[in-house]
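Here is how the chains run, residue by residue.
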4 protein chains.
Amino acid sequence: MVGQQFIAQLAGHPWFRITWLGASQRSEGHKYRDLTWRLPTPMPEEVADLTVEQAAPGRAPRLVFSALDANVAGEIEQAFAEAGHIVVSNARNFRMDPFVPLLIPEVNPDHLSLVPAQQQAKGWSGAIVTNPNCSTVFLAMALAALRQLNPTAVSVTTLQAASGAGYPGVASLDLLGNVIPYISGEEEKIESETKKILGSLQNGHVEPHPVIISAHTTRVAVVNGHTEMIGVRFENMPSREDLLNAFTSFWGRPQQHHLPTAPAKPIIYMDEANRPQPRLDVERERGMAVFVGRLRPCPVLGYKFVALGHNTIRGAAGAAVLNAELMSAEGMLD
Amino acid sequence: MVGQQFIAQLAGHPWFRITWLGASQRSEGHKYRDLTWRLPTPMPEEVADLTVEQAAPGRAPRLVFSALDANVAGEIEQAFAEAGHIVVSNARNFRMDPFVPLLIPEVNPDHLSLVPAQQQAKGWSGAIVTNPNCSTVFLAMALAALRQLNPTAVSVTTLQAASGAGYPGVASLDLLGNVIPYISGEEEKIESETKKILGSLQNGHVEPHPVIISAHTTRVAVVNGHTEMIGVRFENMPSREDLLNAFTSFWGRPQQHHLPTAPAKPIIYMDEANRPQPRLDVERERGMAVFVGRLRPCPVLGYKFVALGHNTIRGAAGAAVLNAELMSAEGMLD
Amino acid sequence: MVGQQFIAQLAGHPWFRITWLGASQRSEGHKYRDLTWRLPTPMPEEVADLTVEQAAPGRAPRLVFSALDANVAGEIEQAFAEAGHIVVSNARNFRMDPFVPLLIPEVNPDHLSLVPAQQQAKGWSGAIVTNPNCSTVFLAMALAALRQLNPTAVSVTTLQAASGAGYPGVASLDLLGNVIPYISGEEEKIESETKKILGSLQNGHVEPHPVIISAHTTRVAVVNGHTEMIGVRFENMPSREDLLNAFTSFWGRPQQHHLPTAPAKPIIYMDEANRPQPRLDVERERGMAVFVGRLRPCPVLGYKFVALGHNTIRGAAGAAVLNAELMSAEGMLD
Amino acid sequence: MVGQQFIAQLAGHPWFRITWLGASQRSEGHKYRDLTWRLPTPMPEEVADLTVEQAAPGRAPRLVFSALDANVAGEIEQAFAEAGHIVVSNARNFRMDPFVPLLIPEVNPDHLSLVPAQQQAKGWSGAIVTNPNCSTVFLAMALAALRQLNPTAVSVTTLQAASGAGYPGVASLDLLGNVIPYISGEEEKIESETKKILGSLQNGHVEPHPVIISAHTTRVAVVNGHTEMIGVRFENMPSREDLLNAFTSFWGRPQQHHLPTAPAKPIIYMDEANRPQPRLDVERERGMAVFVGRLRPCPVLGYKFVALGHNTIRGAAGAAVLNAELMSAEGMLD
């Protein structure tokens, strides 16, 4: 799913052009048009006639996007980085590596300065830059907006969409009319990745943010869109207006650079009592914004609210493309 | 939905027999078999030939169950209580009345002692006894099991089923492939009702339990079964074994009296990582148990776990029937 | 739903501009932005500040689109037509009126010649032009493509989406994980409307096409997109290639005139064994094409195939807008 | 799924007791309680401690039920039959074998007389008896009820449940809010199996019934229950009352013998305009009856109606158990 979403995001991109496709042995040697396309938009013509090659450096261009499965991504991405490629990856293998930026362009663009140290430490002429796990992105962006208010503890319950599990992913017998209150490894990722993303650079490494995070993840019968119920405790209780202002005024380098896929505003606050909702909101802003609503006091933690994001766009392929756009705008792909 | 579930619960009941049906003007005068029956089990023969009468005292038996809408329940239930009827109600109107028991038989059977005070204060020869809101029941039972460990703060996110909204309830366009992150009035009910249920009787009134509760409620595409993600802070951090023991050893007067619809164990702890789930578990134990799983440390509050219950059975009609059974067993219906 | 879809279709339209909104008493006097918007695309800015007026002629422009409920559409549409308005209606009230075109621009543009007779017979200075019921459109377009092969009998089973029932429409309790094998009045509409649409003009009236049609309609848990399983008997058994050619070469006056919302090809034949599918295909071609697949012999009738269309676009609001575009292109709105 | 349904059907059976479980290598050697149980009812205690053995004759009892995958069922079932076992199979491999009964006890119990010929022709001391494909059963039972009215052509569109595809079966991304208008091999099975089931024994083999059948199969977002829209042409047009009588008076040897899992009436006709429905009806009669409704004239074929059945019970495991019960009642297991 994420690989196809990459192609959908990059089709007609003003800066990048898809010239090469690499995949596992099963798809190798096939024209892309002969593979099964599972998105509701048509397969872009510009990739239909590309032949899928082995996922190995060699004929690949310098910038490669990786939607590889975690069980092969580690080795293959390293081979590309060693061979001089800039690997912009959605895989989890290198996310927590101390030399690898876990990047959200609006949140921690300064973490890109890890790249030279990464190249030196690993002896790579290329580099690896990662984006977070889908459910992490939306939480991390919401918390980044609130960062100056000093959040100290966060409780989040996610209601995650089927597309987050890839294809074939969750069996329909498990999801029809059901809730699965568990996603393997997901809670750990949210708890650790968010702290790294919000962390500060100190002496060439990322010092994780001290906020304490507790995640509870569930899968629900939704196609696209992770909904997150978030409670936050702050060092000093801010006013509701402080939080509202923080959400609505939040922006960052993607907006400053007018990056091609950057949303006009990274966070959109919705006033209606029953929003955001996956079916009504997740496709807005081309899936690149985080939608927040229902900000109100929480008797236990201080404040609570809802966040929603598109898991295969802002939570995966779109996140990686925005990462590459930022690197390009800052001269790192020259 | 709840009215029909009442009939399903009471059909073939060893102690109670349905002899009278009262409803709003729209149904008045119809044979029950001519109304639309929406449960997957067939309409019990024993009610099919009853004629629906006006919901007013007079020809009604002493014990009446109420599944009335809140907009009419207040007035009608009071009229029945004044006329000497014991009203076992699922409506919310009297739940927070200081003289009305908000009863879960395993949790606060002693609150039934409010009834004489109620009769005196209101001047009623009958009485009203209520059961909690559906999403409250499962939380309150789980917390009651943990009560001796001194919970001080609770955060709960609910994923509630469509049947909780009655019929026609939520439009399919709003729920298909969607999450609605808001249910009107529901969070307030959970927060206030739970404290009353867990509260202690002092000088003839209920002193709410001091636990702080924060609720976040959502509606998901499930037919029956509310799933709740719960985090709890305790006065002194207990061991995981303490909590497990508390859940598995929990029982109460329904089990002691062997009440007809009492589950053998009010709380069933499930060890599988991905349970409980509505589709697989909610109909077990005839819908009368609370299923708990995934007990694990919570970095923010101390412990977190999942609870699941059948919203129209243990969360509504079954709750009321169990209330009546307890009152019968304790001689209050004689 | 259809009213909102009208606004979405007309927003930014190159020929038409929304200048007036009329509705029932409940919405009258409200800014449109204060009403609940239920589409996943944002409410177009150009209507947000319009104030909803009474659905009556007077301040309305000459061309009005009607998405009125059938229980009020008859009287109101007639009042508009009498007052000189061109009413392009999605309501069913006048569809079978012998003087009213039941128009699909690719199929029966010549039926527009009923309008002068309509004006004379009814004494209207305006006129009413209707589009078919949503499930009729896709069948009628498929059959129109096959018309020259002389179809004599048609059996169709529909699997219709929730949005076809409007809002709130079908209760989620009725549709979640379910099939409802009945839609009131729908089978009769398909059977009669299709014959009128395919009928020929003779002496100023429409002679229904002699094809015999049997419809079986069901509601399924789909948001948008009616899927239809169609079997057809022909006077003389054509070859499969004849049918394929008929589908793929089908086009009409909307394509000839390059009408703004006309699809490039009205029928798109899909070769994949398991297509078309609502979730993957219904939004393609801006919802204005009919997708056909699985053409194969039928042992009983001769041939069978699948058709799919977007019920609130090509099946309702988009159909009406295309009707108005055709009328404009042919000078009927001058 | 079907294997687990077999166990659920056989648990507590008055005539049969599960003493042995055989499976593929992956499960071999495990206690059954250690395998994943996916039914909403608890795993029966009587099988929990059985150890799964290799699916080969030897230690197995004489009567074995087979829910094997078609890719291994052929070889394994033959080995059992050769070794003297009575194999009551749900697999498709031998269904169309001229010596193997394709049995529905109410429809063609006389086909059991193929068994001696089978044993002689194959040189087996045991035997194989099969039940039909799930979507075939409900059609064949409905047609059997109408057999004396001489049906000559049948058109059926199925809306099939997810559980019919086994586990994991259909990906939730393919089924959520969607219709898949194709099920591999299913239409051919319905068309050929039904003719064999309705066929008559002539000189020791089954002469297929001459009725012409056209099937169109789809998968919908339903957990259990195949809905079928059926049109039938008769040699001489009967009255609607003739058909109604045929449905309601239909019964057979299972009812005559009072077989333990036989429904009181094999076909239940429902008068409500919008019934039968999977969610409301499929679990009734313990999943063993076929529910029929909406009988009305069909302009193309003569009559049309809806049929519904439980695909993993009457369409699979329950069908096989009823086959074994019939064989037992008729002395074939002695």
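The coordinates are above.
Please read all numbers here as calculations on a predicted model, not as lab measurements.

1. Section: the overall build of chain A
Counting its regular elements, chain A contains 11 helices and 14 strands. Its C-alpha atoms give chain A a radius of gyration of 19 Å, near enough to 20 Å, the size a compact globule of 334 residues would have. When its C-alpha atoms are laid out on the principal axes, chain A stretches across 60 × 50 × 35 Å. In chain A, which comprises 334 residues, the proportion classed as buried is 62%. Long-range pairs, those at least 24 residues apart, make up 74% of the contacts in chain A between residues at least 6 apart in sequence. Between the centroid of the 27 positive side chains of chain A and the centroid of its 32 negative side chains there is a distance of 3 Å.

2. Side note on the relation of the copies chain C and chain B
If you rotate chain C by 180° and push it 0.0 Å along the axis, it lands on chain B with an RMSD of 0.0 Å. Put plainly, the chains are arranged around a two-fold axis. Relative to the rotation axis, the C-alpha of C:Ser172 is the closest in chain C, positioned 1.9 Å from it.

3. Some points on the sheet that holds strand E11 (residues 226-234) of chain D
Residues and elements named next belong to chain D. Strand order across the open sheet formed by 7 strands is E7-E10-E6-E11-E14-E13-E12, with mixed pairing between neighbours. Among the strands making up the open sheet, the edge pair consists of strand E7 (179-180) and strand E12 (267-270). Sheet topology places strand E13 (residues 290-298) next to strand E14 (residues 302-309); 6 bridges connect them, and they run antiparallel. Along E14, the bridge assignment pairs Val292 with Ala307.

4. Looking at the interface of chain A and chain B
With 44 residues of chain A in contact, the opposing surface of chain B contributes 44 residues. Counting each side, the surface lost to burial between chain A and chain B is near 3,400 Å², with a carbon and sulfur contribution of 60%. Run the count over chain A and chain B and you get 6 salt bridges. One can count 21 residue pairs in polar contact (both at pLDDT 80 or more) joining chain A with chain B. Counting only elements with at least two residues in the side of chain A that touches chain B, the list comes to strand E6 (151-160), strand E7 (179-180), helix H7 (186-197), strand E10 (212-220), strand E11 (226-234), helix H10 (278-281), strand E13 (290-298) and strand E14 (302-309) of chain A. In terms of residue class, the side of chain A that touches chain B is built from 25 nonpolar, 11 polar and 8 charged.

5. A closer look at the interface of chain C and chain B
In this complex, chain C contributes 17 residues to the contact, which on the side of chain B involves 17 residues. Overall, the association of chain C and chain B removes approximately 1,300 Å² of surface from exposure, summing both partners, and the carbon and sulfur fraction of that is 73%. Contact with chain B buries area across many residues of chain C, yet C:Ser172, C:Leu173 and C:Leu176 alone supply 48% of it, more than any other trio. Across the contact surface, chain C and chain B share 0 salt bridges. Run the count over chain C and chain B and you get 4 residue pairs in polar contact (both at pLDDT 80 or more). Counted by class, the side of chain C that touches chain B contains 12 nonpolar, 3 polar and 2 charged residues.

6. Description of the relation of the copies chain A and chain B
Between chain A and chain B, the superposition needs a rotation of 180° and an axial shift of 0.0 Å, giving an RMSD of 0.0 Å. Mapped onto chain B, 100% of the interface residues of chain A are again interface residues, and the two copies thus contact each other with one and the same surface.

7. What about the sheet that holds E13(A)?
Hydrogen bonding along the main chain pairs the strands of a sheet, whether they run parallel or antiparallel. Reading across from one edge, E7-E10-E6-E11-E14-E13-E12 (chain A) is the order of the 7 strands in this open sheet, with mixed pairing throughout. A single partner strand is all that each edge strand has here, and the edge strands are E7 and strand E12 (267-270) of chain A.

8. A few points about unusual backbone geometry
For residues besides glycine, phi is generally negative; the peptide bonds are generally trans as well. Residue A:Arg275 is joined to A:Pro276 through a cis peptide bond whose omega torsion reads 0°. Residue position: A:Pro276 is located in the loop between E12 and H10. With an omega of 0°, the peptide bond between C:Tyr167 and C:Pro168 qualifies as cis. Of note, C:Pro168 is situated in the loop between strand E6 (151-160) and helix H6 (172-175). A positive phi is found at A:Asn203, a non-glycine position, where the angle reads about 55°. The exposure class assigned to A:Asn203 is exposed, which follows from its relative accessible area of 80%.

9. With respect to the side chain of A:Arg314
All names here are of chain A. Among the secondary structure elements, Arg314 is positioned in helix H11 (residues 313-329). A polar contact of 3.1 Å, which involves the side chain of Arg314, links it to the backbone oxygen of Met288. The residues touching Arg314, leaving out its near neighbours within four places in the chain, are Ile104, Glu106, Val137, Phe138, Met141, Pro263, Gly287, Met288, Ala319 and Leu322.

10. Re the pattern of salt bridges
Following the criterion strictly, the structure yields 49 salt bridges over all chains and no others. We note a salt bridge from A:Glu187 to B:Arg294, for which the minimum N-O separation is 2.8 Å. Taken together, the residues span two chains, with A:Glu187 in helix H7 and B:Arg294 in strand E13 (residues 290-298). A residue is classified by how much of its surface remains accessible, and A:Glu187, at 6% relative accessible area, is buried. What makes B:Arg294 buried here is its relative accessible area of 11%. A salt bridge links D:Glu53 to D:Arg59, with the nearest nitrogen and oxygen atoms 2.5 Å apart. When salt bridges with common partners are traced through the structure, they connect A:Arg33, A:Glu45 and A:Asp49 into a single cluster.

11. Examining the packing of aromatic side chains
Aromatic rings in a pair are described by how distant their centres are and how their planes are angled relative to each other. Residue and element names in this part refer to chain A. As enumerated under the stated definition, the model contains 36 aromatic pairs over all chains in all. An angle of 90° between the planes, with centres 6.4 Å apart, marks the rings of Trp15 and Phe16 as edge-to-face. By relative accessible area, Phe16 is classed as buried at 12%. Both rings, one in Phe94 and one in Trp124, keep their centres 6.0 Å apart while their planes meet at 85°; by these two values the pair is edge-to-face. Taken together, the residues span a long stretch of sequence, with Phe94 in the loop between strand E4 (86-89) and helix H4 (114-122) and Trp124 in the loop between H4 and strand E5 (127-130) at a distance of 30 residues. The cationic tip of Arg38 hangs over the ring face of Tyr167; the distance from NZ or CZ to the ring centre is 3.4 Å.

12. Remarks on the environment of B:Leu139
Residue and element names in this part refer to chain B. Position of Leu139 among the secondary structure elements: in helix H5 (residues 134-145). It is 31 Å that separates the C-alpha atoms of Leu139 and Met43, two residues lying 96 residues apart in sequence. If near-sequence neighbours (up to four positions away) are discounted, Leu139 is found in contact with Val154, Val156, Ile190, Thr194, Ile213, Glu228 and Ile230.

13. Section: the packing of helix H1 (residues 2-10) of chain C against helix H11 (residues 313-329) of chain C
Residue and element names in this part refer to chain C. Put simply, H1 and H11 touch, their axes get as near as 9 Å, and they point 50° apart. Our classification of the angle between H1 and H11 gives oblique. For the element pair H1 and H11, the recorded crossing hand is right-handed. Contacts between H1 and H11 involve Val2, Gln5, Phe6, Gln9 and Leu10 from the first element and Ile313, Ala316, Ala317, Gly318, Ala320 and Val321 from the second. The class makeup of the residues in the contact of H1 with H11 is 8 nonpolar, 3 polar and no charged.

14. What to know about the nonpolar core
Among the nonpolar cores identified, the biggest contains 91 residues, and B:Tyr32, C:Leu21, C:Tyr32 and C:Val47 are the most heavily contacted of them. With 54 residues, the next largest nonpolar core counts A:Val2, A:Ile18, A:Ala48 and A:Met327 among its residues.

15. Let's talk about helix H3 (residues 70-82) of chain B
Residues and elements named next belong to chain B. Here H3 contains 13 residues, and its C-alpha end-to-end distance of 18 Å stays within 8% of the 18 Å for a straight helix at 1.5 Å per residue. Among all positions of H3, only Ala73, Gly74, Ile76, Glu77, Phe80 and Ala81 are buried. For H3, the elements touching its buried residues are strand E3 (63-66), strand E4 (86-89) and strand E5 (127-130). Directly beyond the C-terminal end of H3, a positive phi value near 100° is found at Gly84.

16. So, the pairing of E13(A)
Remark: a regular strand shows side chains that alternate across the two faces of the sheet. Residue and element names in this part refer to chain A. Most of E13 is tucked away, with 8 of its 9 residues classed as buried. When E12 meets E13, the two strands line up parallel, connected through 4 bridges. Within E13, the residue paired with Tyr269 across the bridge is Val292. Connecting E13 to the next strand, E14, in antiparallel fashion are 3 residues.

17. A few points about the pairing of E3(B)
Residue and element names in this part refer to chain B. Judged from the 4 bridges that link them, E3 and E4 form a sheet pairing that is parallel. Along E4, the bridge assignment pairs Ser66 with Ser89. Remark: the E3/H3/E4 crossover connection has right-handed handedness.

18. Some thoughts on the packing of helix H5 (residues 134-145) of chain A against H7(A)
All names here are of chain A. For the pair H5 and H7, interaxial distance at closest approach is 9 Å and the crossing angle is 40°. The angle between H5 and H7 places the two elements in the oblique class. As for the relative orientation of H5 and H7, their crossing is right-handed in sense. Along the contact surface, H5 presents Cys134, Ser135, Thr136, Leu139, Ala140 and Leu143, while H7 presents Glu186, Lys189, Ile190, Glu193, Thr194 and Ile197. Grouping the constituent residues of the contact of H5 with H7 by class yields 6 nonpolar, 3 polar and 3 charged.

Rules used in this analysis
Residues numbered from 1 in each chain as written. Chains lettered and ligands numbered in written order. Predicted model: local features only at pLDDT ≥ 70, side-chain atom pairs only at ≥ 80, totals over all residues. Heavy atoms only, no water. Helix = DSSP H or I, 4+ residues; strand = E, 2+ residues; numbered from the N terminus. Rg over C-alpha atoms; globule rule 2.2 N^0.38 Å. Buried < 20%, exposed > 50% of the residue type's maximum accessible area, 1.4 Å probe, protein only. Contact = heavy atoms within 4.5 Å. Lys, Arg positive; Asp, Glu negative; His and termini not counted. Charge placed at Lys NZ, Arg CZ, Asp CG, Glu CD. Least-squares fit on C-alpha atoms with pLDDT ≥ 70 in both. Pairing = 2+ DSSP bridges. Buried area = accessible area lost by both parts, 1.4 Å probe. Salt bridge = Lys/Arg side-chain N within 4 Å of Asp/Glu carboxyl O. Polar contact = N/O pair within 3.5 Å; in protein donor to acceptor, adjacent residues only side chain to side chain. Nonpolar A, V, L, I, M, F, W, Y, C, P; charged D, E, K, R; others polar. Phe/Tyr/Trp six-rings, centres within 6.5 Å; stacked < 30°, edge-to-face > 60°. Lys NZ or Arg CZ within 6 Å of the ring centre and 35° of its normal. Axes fitted to C-alpha atoms, helices over the stretch in contact; angles between N-to-C directions. Parallel < 35°, antiparallel > 145°, perpendicular 65-115°, else oblique. Left-handed = near helix turned anticlockwise from the far one by under 90°. Core = buried A, V, L, I, M, F, W, Y, C linked by side-chain atoms within 4.5 Å. Expected span 1.5 Å × (residues − 1). Right-handed = clockwise from strand over helix to strand, strands pointing away.

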